[in-house]
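Residue strings, one per chain:
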Amino acid sequence: MERRKFFKAVGLMTAAAYISPKVFGNEQGTVKTSSLEGVPPAEFPPLPFAYNALEPHIDARTMEIHYDKHHRAYYTNFMNAVKGTPLEGKPLSEIFAGMSKQTDAVRNNGGGYYNHLFFWKNLGTGSAGPSGELSAAITKTFGSFDKFKETFTTAAKTRFGSGWAWLYLGTDKNLAVASSPNQDNMLMDTSPVKGTPLLALDVWEHAYYLKYQNKRPDYIDAFWNVVNWEEVGRRYQAAVKG
Ligand code: MN
């Protein structure tokens, strides 16, 4: 039953991506979308802010290497892995939903491409904190915003090795926190938890080592200063309606 529901949810998300207002036709007349879970663009997408935009919390040199080396490599390797296969031109949502049938190259690089794209969009400055329905849902699920931060921070600190911490909307429409190994996420059918990601934190050493070295907890503390809560709120709105 759970599995059935998950596939239904993914199907709806794919449909939503195709009817998004940003849909446009390319020269071949096929439909593409700029949605994060849609068909990957032909060119590596730009970072939505300057390398130094998140200083001093995330330093410019780390951002440059993270975006221009790590993220670009995931994108390039993913595009090469799907080229000439039935996965070419498919939305990421569809590829993730069938990930158990794909190669490690598709899983690691597809996840790496998407997770970073997602991460950049939930970073920014000048955001006071969650508001409106997201704020109410956080309080309802975790007790308070501080309790939520504590839960998320623990998930990020205790992820052994490389991976990600997430706030997501479960298939039961409740908020939850989880961490994932490597470049996995909860859109993949290989994930033990399923749902719609809302907020991501990269806890690979390459995300913080230049500035924070082995002090992952200091990097996680700094992260709370650069969360774009408006974007997280928009994702929550879209996810509860989906
Ligand atoms: Mn990374």
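Look up: the structure comes first, before these words.
The structure displayed is predicted, hence computed values, not measured ones.

J.: Any chance you could break down the coordination of the manganese ion for me, citing the residues and the numbers?
T.: Only His66 (NE2), His116 (NE2), Asp202 (OD) and His206 (NE2) from the protein coordinate the manganese ion, and they sit 1.9 to 2.1 Å from it. Expressed as a motif, the donor residue spacing for the manganese ion is H-x49-H-x85-D-x3-H. Taken together, the residues histidine 66 in helix α2 (residues 60-82) and aspartate 202 in strand β5 (residues 195-202) connect sequence positions 136 residues apart. Side by side, histidine 66 and aspartate 202 carry an identical accessibility label, which is buried.

J.: Provide a residue-level description of the nonpolar core, including the pertinent values.
T.: Phe148, Phe152, Leu175, Leu199, Leu201 and Tyr219 are the most contacted members of the largest nonpolar core, which totals 66 residues. Among the elements that take part in this core, helix α4 (residues 104-121) stands out by supplying 7 residues, more than any other. When residues no more than four places from it in sequence are discounted, the contact partners of leucine 201 are Phe119, Phe152, Ala156, Gly163, Trp164, Ala165, Tyr219, Ile220 and Phe223.

J.: Can you lay out the packing of aromatic side chains for me, pointing to particular residues and giving the numbers?
T.: Aromatic ring pairs are described here by two measures, namely the spacing of the ring centres and the angle between the planes. Under the defined criterion, the tally for this structure stands at 21 aromatic pairs. For the ring pair tyrosine 212 and tyrosine 219, a centre distance of 6.1 Å and an interplane angle of 55° mean the geometry is tilted. Accessibility expressed as a relative area gives 11% for tyrosine 212, which makes it buried. Grouped by ring-pair contacts, the aromatic residues Phe96, Tyr114, Phe118, Phe119, Trp120, Trp164 and Trp166 constitute a single cluster. Sitting above the plane of the tyrosine 212 ring, lysine 211 keeps its charged end 5.7 Å from the centroid. Lying across the ring of phenylalanine 118, arginine 235 places its NZ or CZ 3.5 Å from the centre.

Reading the values: rules and limits
- Residues numbered from 1 in each chain as written.
- Predicted model: local features only at pLDDT ≥ 70, side-chain atom pairs only at ≥ 80, totals over all residues.
- Heavy atoms only, no water.
- Donors = N, O, S within 2.8 Å, 3.2 Å for Na, K, Ca; no water.
- Helix = DSSP H or I, 4+ residues; strand = E, 2+ residues; numbered from the N terminus.
- Buried < 20%, exposed > 50% of the residue type's maximum accessible area, 1.4 Å probe, protein only.
- Core = buried A, V, L, I, M, F, W, Y, C linked by side-chain atoms within 4.5 Å.
- Contact = heavy atoms within 4.5 Å.
- Phe/Tyr/Trp six-rings, centres within 6.5 Å; stacked < 30°, edge-to-face > 60°.
- Lys NZ or Arg CZ within 6 Å of the ring centre and 35° of its normal.

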